[in-house]
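Each chain, letter by letter, is given below.
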Amino acid sequence: MAATLSRWLIGFGSIGLLAMTAIIGWQVFGRFVLNSSPSWTEQASLIMMIWYVMFAAAAGVYEGFHIRIALLEEKLGDRARPLLRIVALVVAAIGLVLLVYGAQLCWAVRGNVVPSLGVSRAVAYVPLPVSGLLMTWFALPQLFTGRHPADDAIEGERG
């Protein structure tokens, strides 16, 4: 289930990047060709970026493409597992911080409206607690095993 969710998050991130590129392209076209830049494009692209970056970061915890100490893993092998468990603990803690404080931020700004879009400012920050929860969930197996779940899946495909 986690692997499927991770693939969905990566797909969503890819679509978000393409959508943001299209929005920025429309803004540039409006500014330089039409001499009238749409007012909604900047805020929409910023919100889109928050969404796809946070969800891609959560997928990165599962997939193992976030910053990690690959050199130590390769050189030390199983002796690196205690260090990797510490890294996983830090990632899980950061996920919990995003979950708690992201939820508080969403609640605090729920009444504020993004003027150019007419939506609550909380819409921009919803990915913080959601991705924090996912980061923590994805870090837990590594915390217990000292390995990335995606590494185990790759080894399973080879064997």
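Structure: above.
Note that this is a predicted model, so its numbers are computed, not measured. (Residues numbered from 1 in each chain as written. Predicted model: local features only at pLDDT ≥ 70, side-chain atom pairs only at ≥ 80, totals over all residues. Heavy atoms only, no water.)

### Considering the packing of aromatic side chains
Aromatic ring pairs are reported here in terms of the distance separating the ring centres and the angle at which the planes meet. Heads up, the condition is: Working definition: rings of Phe, Tyr and Trp (its six-membered ring) pair if their centres are within 6.5 Å, and the pair is stacked with planes under 30 degrees apart, edge-to-face with planes over 60 apart, and tilted otherwise.
Scanning the model with the defined rule gives 6 aromatic pairs in all. By way of ring pairs, the aromatic residues F12, W51 and F55 are connected into one cluster.

### Remarks on the nonpolar core
Rules: Here the nonpolar core consists of buried residues drawn from Ala, Val, Leu, Ile, Met, Phe, Trp, Tyr and Cys, with membership extended through side-chain atoms lying within 4.5 Å. Buried residues are those whose accessible area, probed at 1.4 Å on protein chains only, stays under 20% of the maximum for their type, while exposed residues exceed 50% and partly exposed ones sit between those limits. Working definition: helices are DSSP H or I runs of at least four residues, strands are E runs of at least two. Numbering for both runs from the N terminus. Pairs of residues are marked as contacts when any of their non-hydrogen atoms sit within 4.5 Å.
Within the largest apolar cluster, 15 residues are counted, with the highest numbers of intra-cluster contacts made by L9, A58, V61, L134, M135, F138 and A139. If you list the elements that add at least two residues to this core, you get α1 (2–32), α2 (41–63), α4 (81–108) and α6 (127–145). A total of 6 residues in this core trace back to one element, the largest contributor, which is α2. Apart from the residues lying within four places of it in its own chain, the contact partners of A139 are V61, A88, V91 and A92.

### Observations concerning the packing of α4 against α6
Note the threshold: Interaxial angle, 0 to 180 degrees, is taken between N-to-C directions of lines fitted to C-alpha atoms, where a helix line uses only the stretch in contact. Any angle between 65 and 115 degrees counts as roughly perpendicular, while under 35 counts as roughly parallel, over 145 as roughly antiparallel, and the rest as oblique. Each helix crossing is assigned a hand: it is left-handed if the near helix lies turned anticlockwise from the far helix by less than a right angle, otherwise right-handed if that turn is clockwise. Polar here means any residue other than Ala, Val, Leu, Ile, Met, Phe, Trp, Tyr, Cys and Pro, which are nonpolar, and Asp, Glu, Lys and Arg, which are charged; Gly is therefore polar.
Put simply, α4 and α6 touch, their axes get as near as 7 Å, and they point 160° apart. In this view, α4 runs roughly antiparallel relative to α6, as classed from their interaxial angle. Both α4 and α6 take part in a crossing whose hand is left-handed. For the contact of α4 with α6, the per-class residue count stands at 18 nonpolar, 6 polar and 2 charged.

### Points about a nonpolar patch on the surface
How we decide: Residues enter patches when their relative accessible area tops 30% and they take part in no salt bridge; the joining distance is 9 Å for like charges and 5 Å for the nonpolar side chains Val, Leu, Ile, Met, Phe, Trp and Tyr. Exposure was quantified through the Shrake-Rupley algorithm and a 1.4 Å probe, taking into account, for residues, occlusion by the shown protein chains and nothing else. For salt bridges, the criterion is a side-chain nitrogen of Lys or Arg within 4 Å of an Asp or Glu carboxyl oxygen.
A contiguous nonpolar patch, built from I24, W26, V28, F29, F32, V33, L34, W40, L117, V119 and V123 and spanning about 930 Å² of accessible area, is present on the exposed surface. Here the element with the most residues in the nonpolar patch is α1; it accounts for 5 residues. Owing to a relative accessible area of 51%, V33 belongs among the exposed residues under this scheme.

### Here we look at unusual backbone geometry
Here N35, not a glycine, exhibits a phi torsion of approximately 55°, which is positive. Relative to the assigned elements, N35 resides in the loop between α1 and α2.

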